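Residue-level structural notes
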Amino acid sequence: MPQMEWVWVAALAVFAIAEGCTQALISIWFIGGSIAGLISTVCGAPLWMQLTLFLAVSVLLLLLMRPMSRRLLSQKKTKTNAQSNVGKTVLVTEPIDNLRQTGAVKVSGVEWSARSVDGRQIAADTAVRIDKIEGAKVLVSAVQTKGEK
């Protein structure tokens, strides 16, 4: 039987590499268990105790840390300054024509390339709502006035 210290070091390395590749906190719990198994091996514990300690520490870490890590991973993304413009109503400065790939709107004093969400042509000086930002283009839809349907 190989020296168990090397088995635990190899297990630790495998779990660390797997966690580094996924970054989804899937195998990180087993890293702590592997460290516990390595320490118990160095202290001279029998194999059954090493495995029991590995499983117990891994499960304990999973139960205690998983809720906190899920909150950390699911935090709301901070909007960029550009994304904060979604929903704003702006005026078309250059007629929007998706087929010709022309059109522009002025957003907070800066002119952006614009395209229509539904493919309609939109005339200059028309009020539009910014629905989405894709790269350096804004996707807009015409704002309906009270008299339109």
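Refer to the structure printed above.
Residues numbered from 1 in each chain as written. Predicted model: local features only at pLDDT ≥ 70, side-chain atom pairs only at ≥ 80, totals over all residues. Heavy atoms only, no water.

**Some points on the overall build of the chain**
What counts, and what does not: Put simply, DSSP marks the helices as runs of H or I at least four residues long and the strands as runs of E at least two long, and each gets a number from the N terminus on. Accessible area is worked out with a 1.4 Å probe on protein chains only. A residue is then buried under 20% of its type maximum, exposed over 50%, and partly exposed in between. Every residue pair with non-hydrogen atoms within 4.5 Å of one another is taken to be in contact.
In terms of regular secondary structure, the chain is built from 3 helices and 5 strands. Ordering the α and β elements of the chain from the N terminus gives α-α-α-β-β-β-β-β. Counting across all 149 residues of the chain, residues that qualify as buried make up 26%. Partitioning the intrachain contacts of the chain with sequence separation of at least 6 by distance along the chain shows that 46% fall at a separation of at least 24.

**Re the packing of aromatic side chains**
What counts is decided by this rule: Working definition: a ring pair exists when centres of Phe, Tyr or Trp rings (six-membered ring for Trp) sit within 6.5 Å. Plane angles under 30 degrees give stacked, over 60 give edge-to-face, the rest tilted.
Under the definition given, this model contains 4 aromatic pairs. Centre to centre, the rings of tryptophan 8 and phenylalanine 54 are 5.4 Å apart; their planes meet at 40°, and the pair counts as tilted. Of this pair, tryptophan 8 sits in helix H1 (residues 4–22) while phenylalanine 54 sits in helix H3 (residues 47–73), and the two are 46 residues apart along the sequence. Each member of the aromatic cluster is reached from another via a ring pair, and the members are Trp8, Phe15, Phe30 and Phe54.

**Remarks on the side chain of serine 116**
Applicable threshold: Counting of polar contacts relies on pairs of N or O atoms within 3.5 Å, with two restrictions inside protein: one atom must be capable of donating a hydrogen and the other of accepting it, and residues adjacent in sequence are counted only when both atoms are side-chain atoms.
Position of serine 116 among the secondary structure elements: in strand S3 (residues 110–116). A distance of 2.7 Å separates polar atoms of two side chains, one belonging to serine 116 and the other to aspartate 118. Apart from the residues within four sequence positions on either side, serine 116 is in contact with Ile96, Asn98, Ile122 and Val140.

**A look at the sheet that holds strand S2 (residues 102–107)**
To be explicit about the condition: What makes two strands pair is DSSP finding at least two bridges between them. Interaxial angle, 0 to 180 degrees, is taken between N-to-C directions of lines fitted to C-alpha atoms, where a helix line uses only the stretch in contact.
With respect to topology, 5 strands assemble into a closed barrel ordered S1-S2-S3-S5-S4, the strand pairing being mixed. On average, each strand axis in the sheet is tilted by 50° relative to the strand beside it, whichever way the strands run.

**Re the nonpolar core**
Buried together is how nonpolar side chains tend to be arranged in soluble globular proteins. Applicable threshold: What is meant by a nonpolar core is a set of buried Ala, Val, Leu, Ile, Met, Phe, Trp, Tyr and Cys residues, joined one to another through side-chain atoms within 4.5 Å.
Of all hydrophobic cores here, the largest spans 13 residues; its most connected members are Ile96, Val105, Val128, Ile130, Val138 and Val140. Going through the elements one at a time, strand S1 (89–97), S2, S3, strand S4 (127–134) and strand S5 (137–142) are the ones with two or more residues in this core. Residue contacts for valine 128: discarding those within four places in its chain leaves Lys88, Thr89, Val90, Val92, Val105, Ile122, Val140, Ser141, Ala142 and Val143.

**Examining the pattern of salt bridges**
Selection criterion: Salt bridges are defined by distance alone: a side-chain nitrogen of Lys or Arg within 4 Å of a carboxyl oxygen of Asp or Glu.
By the definition in use, this model includes 4 salt bridges. Taking the shortest distance from any N to any O, the salt bridge between aspartate 118 and arginine 120 comes out at 3.2 Å. Where arginine 129 meets aspartate 131, a salt bridge forms, and the shortest distance between an N and an O atom there is 3.0 Å.

**Looking at helix H2 (residues 28–42)**
Applied cut-off: For a helix, the expected span equals 1.5 Å multiplied by the number of residues minus one.
With 15 residues, H2 should cover 21 Å at 1.5 Å per step; its first-to-last C-alpha distance of 22 Å lies within 8% of that length. Taken together, the buried positions of H2 are occupied by Trp29, Ile31, Gly33, Ser34, Ala36, Gly37, Ser40 and Thr41.

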